[in-house]
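One-letter residues, chain by chain:
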Amino acid sequence: MANVQEEWLEKTIFEGYIDYIDYNKFTDPIVIGIGGFGKVFKYEWGDSGLTVALKCLKVDTSIDEKIIKDFINELKLLRRVCYHPNVISFYGLTKDSNGYYNMVLQYADNGTLREYLMANFTKLQWTDKLCIAKEIALGLLFLHDNNIIHRNLHSKNILIHNRKPKITDFGLSNQIIEMSITSNSIIHGMLTYIEPKCFMDPKYKLIISLTFIVLD
Ligand SMILES: Nc1ncnc2c1ncn2[C@@H]1O[C@H](COP(=O)(O)OP(=O)(O)OP(=O)(O)O)[C@@H](O)[C@H]1O
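Residues numbered from 1 in each chain as written. Predicted model: local features only at pLDDT ≥ 70, side-chain atom pairs only at ≥ 80, totals over all residues. Heavy atoms only, no water.

A. Local environment of the pairing of strand S3 (residues 50-57). Burial analysis of S3 places 6 of its 8 residues in the buried class, the great majority of the element. Where strand S2 (residues 39-45) and S3 come together, 6 bridges link them in antiparallel fashion. Note on S3: the bridge partner recorded for phenylalanine 41 is leucine 54. Pairing of S3 with strand S5 (residues 101-106), which is carried by 6 bridges, proceeds in the antiparallel orientation. Each residue of the ladder has a partner; that of cysteine 56, found in S5, is asparagine 102. (Buried < 20%, exposed > 50% of the residue type's maximum accessible area, 1.4 Å probe, protein only. Helix = DSSP H or I, 4+ residues; strand = E, 2+ residues; numbered from the N terminus. Pairing = 2+ DSSP bridges.)

Now the structure itself:
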């Protein structure tokens, strides 16, 4: 891993900004997905009685430095907002038996919003769908109140746990202040779902809304 990033991770753990959890505490791994950083595993965390998701940053010689930066960006933002009920909980970092860093996240037992809707759409009442939409909006409001723009919000980046939506995947997210200085209004993520705040720049006139929740 690029030295500066590795040092940042070691330092934040050492200074106690991020909890380090011994990898031996986790048992029964099952692969549940593959994302931009690498594989995501489901584990049992015996000490806490929790089921968790470990998102692995698989570092090899070919890894793009941008991926490591996105991973660190996600950690920095998550630790600030992860206690909101509509944001995925973040418990800390661990280093697996291959020496790769993993984020330890709350495991969402109903999968992504897209999967949840595909499996349950006909069973869900309009009140259930509106409730999901409202809770996503509350999570987003909390991010915005903390000056964070998600920039990659779509139905695969919203997880469902106990039928409640949890915003996740902050790799492309930005502090509003950083955006205004550095982004030059470049838009990232899945275009269909770009968050309205990203289009405040008059160059981008797209109008979208939370209707993706029911249309997806
Ligand atoms: N906390 C979690 N609980 C349950 N499943 C999860 C969790 N985090 C990720 N997953 C599963 O793993 C898959 C990959 O997740 P990840 O967040 O790494 O990538 P992604 O959003 O699909 O892609 P990218 O990182 O490129 O945007 C998800 O689509 C989801 O199915």
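B. Representation of the environment of leucine 138 in the model. If you trace the backbone, leucine 138 turns up in helix H4 (residues 126-145). Judged by its relative accessible area of 38%, leucine 138 is partly exposed. For the pair formed by leucine 138 and glutamate 7, sequence separation is 131 residues and the distance between their alpha carbons is 35 Å. Apart from the residues lying within four places of it in its own chain, the contact partners of leucine 138 are His84 and Asn86. (Contact = heavy atoms within 4.5 Å.)

C. View of the packing of aromatic side chains. Applying the stated criterion across every chain yields a total of 6 aromatic pairs. Taking the centre distance of 6.0 Å and the plane angle of 55 degrees together, the rings of phenylalanine 41 and tyrosine 43 count as tilted. Classification of tyrosine 43 as buried rests on a relative accessible area of 5%. Taking NZ or CZ as reference, lysine 129 lies 3.8 Å from the ring centre of phenylalanine 121, over its face. (Phe/Tyr/Trp six-rings, centres within 6.5 Å; stacked < 30°, edge-to-face > 60°. Lys NZ or Arg CZ within 6 Å of the ring centre and 35° of its normal.)

D. Structural view of the site of the ligand. In the vicinity of the ligand, 15 residues are found, and the nearest of them are Lys55, Gln106, Ala108, Asn157 and Asp169. Between the ligand and lysine 55, the relevant distance is 3.0 Å, taken from an oxygen atom to a side-chain nitrogen or oxygen of the residue. If you map the ligand onto the pockets, it falls in the largest pocket. The set of elements that each furnish at least two residues to the shell around the ligand consists of strand S1 (26-34) and S3. By residue class, the composition of the shell around the ligand is 7 nonpolar, 6 polar and 2 charged. Mapped onto the domain boundaries, the shell around the ligand takes at least three residues apiece from domain 1 (2-106) and domain 2 (113-200). (Near = heavy atom within 4 Å. Polar contact = N/O pair within 3.5 Å; in protein donor to acceptor, adjacent residues only side chain to side chain. 1 Å grid on protein atoms, 1.4 Å probe; cavity = no way out; pocket = protein on both sides within 12 Å on 5 of 7 lines; lining within 4 Å. Sits in = over half its atoms within 2 Å of the grid points. Nonpolar A, V, L, I, M, F, W, Y, C, P; charged D, E, K, R; others polar. Domains from an automatic or database assignment.)

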